[in-house]
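Structural overview
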Amino acid sequence: MRNPRAIWALLFALLALGALIGGAVAARLSDRVGFAEAVGAIPLGILLAFVSLGLARRARWEYQLTVGRAGGGGLATFARVLGSIALLIGITAALALGVFAVLALVLD
């Protein structure tokens, strides 16, 4: 049997990546959605990435506690990698948004 926390961690990592990339793509390609409307994807992606990392950590702990019988060790590691990537993308996007806001205020 698979470790359900590892599956949930992977799902949340994919949702975090989807939210961040989806917000950026929507802002870039859509005429009706600008960067101001896509800003909500950044905190959502960061929150989902933190949830994914927490679930992956608990899944890995359960895997080690049961000496591998719980299963999902590799899946938990993969979820942790994807969650970390999503967190790094979210932090980078938040920093870029902060720099953009400061420059917009200074140059006006």
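The structure this text deals with has already been given above.
Residues numbered from 1 in each chain as written. Predicted model: local features only at pLDDT ≥ 70, side-chain atom pairs only at ≥ 80, totals over all residues. Heavy atoms only, no water.

The subject of this paragraph is the overall build of the chain. Within the chain one finds three helices and zero strands. Each helix and strand of the chain, ordered N terminal to C terminal, gives the series α-α-α. On the principal axes, the C-alpha backbone points of the chain span a range of 60 × 25 × 15 Å. Accessible surface, the chain as shown: approximately 7,100 Å² in total, 71% of it carbon and sulfur. (Helix = DSSP H or I, 4+ residues; strand = E, 2+ residues; numbered from the N terminus. Areas by Shrake-Rupley, 256 points an atom, 1.4 Å probe, with all protein chains shown as cover.)

Moving on to the side chain of serine 52. Relative to the helices and strands, serine 52 resides in helix H2 (residues 41-65). Under the relative-accessibility criterion, serine 52 is labelled buried at 0%. Excluding anything up to four places from it in sequence, serine 52 contacts Ala9, Phe12, Ala13, Ala79 and Gly83. (Buried < 20%, exposed > 50% of the residue type's maximum accessible area, 1.4 Å probe, protein only. Contact = heavy atoms within 4.5 Å.)

Take the nonpolar core next. By size, the foremost hydrophobic cluster in this structure holds 17 residues, and its most contacted members are Ala9, Ala16, Ala49, Ala79, Leu82, Ala86 and Leu87. For this core, the secondary-structure elements that each account for two or more residues are helix H1 (4-29), H2 and helix H3 (73-107). A per-element tally of this core places H2 first, with seven residues. Apart from residues no more than four positions distant in its own chain, alanine 86 is found in contact with Ala16, Leu17, Leu20 and Ala49. (Core = buried A, V, L, I, M, F, W, Y, C linked by side-chain atoms within 4.5 Å.)

Take the layout of surface pockets next. Computed from the structure, the largest pocket encloses a volume of approximately 310 Å³. Forming the boundary of the largest pocket are 15 residues, of which Ala24, Phe35, Ile42, Ala93 and Leu97 lie nearest the centre. Among the elements of the structure, H1, H2 and H3 are those that each provide at least two residues to the lining of the largest pocket. (1 Å grid on protein atoms, 1.4 Å probe; cavity = no way out; pocket = protein on both sides within 12 Å on 5 of 7 lines; lining within 4 Å. Points joined across faces, edges and corners; volume = space filled by probe spheres on them.)

Counted at 1.5 Å a residue, the expected span for H2 with its 25 residues is 36 Å, and the 36 Å between its end C-alpha atoms agrees. Turning to H2, its buried residues number three or more, namely Ala41, Ile42, Gly45, Ile46, Leu48, Ala49, Ser52, Leu53, Leu55, Ala56 and Ala59. Contact partners of the buried residues in H2: H1 and H3. Valine 67, located one to two residues past H2, shows a positive phi value of around 55 degrees. (Expected span 1.5 Å × (residues − 1).)

Quick look at the packing of H1 against H2 now. The N-to-C vectors of H1 and H2 enclose an angle of 160 degrees; their axes lie 8 Å apart at closest approach. Taken together, the axes of H1 and H2 are roughly antiparallel relative to one another. In the packing of H1 onto H2, the handedness of the crossing is left-handed. The class makeup of the residues in the contact of H1 with H2 is 18 nonpolar, three polar and three charged. (Axes fitted to C-alpha atoms, helices over the stretch in contact; angles between N-to-C directions. Parallel < 35°, antiparallel > 145°, perpendicular 65-115°, else oblique. Left-handed = near helix turned anticlockwise from the far one by under 90°. Nonpolar A, V, L, I, M, F, W, Y, C, P; charged D, E, K, R; others polar.)

The next thing to look at is a nonpolar patch on the surface. Together, Val99, Val102, Leu103, Val106 and Leu107 make up a nonpolar patch on the protein surface, roughly 510 Å² of accessible area in all. Turning to its location among the elements, valine 106 is positioned in helix H3. (Patch = residues over 30% accessible without salt bridge, like charges linked within 9 Å, V, L, I, M, F, W, Y side chains within 5 Å. Salt bridge = Lys/Arg side-chain N within 4 Å of Asp/Glu carboxyl O.)

Relative to the elements of secondary structure, valine 67 occurs in the loop between H2 and H3. Separated by 44 residues in the primary sequence, valine 67 and glycine 23 place their C-alpha atoms 40 Å from one another.

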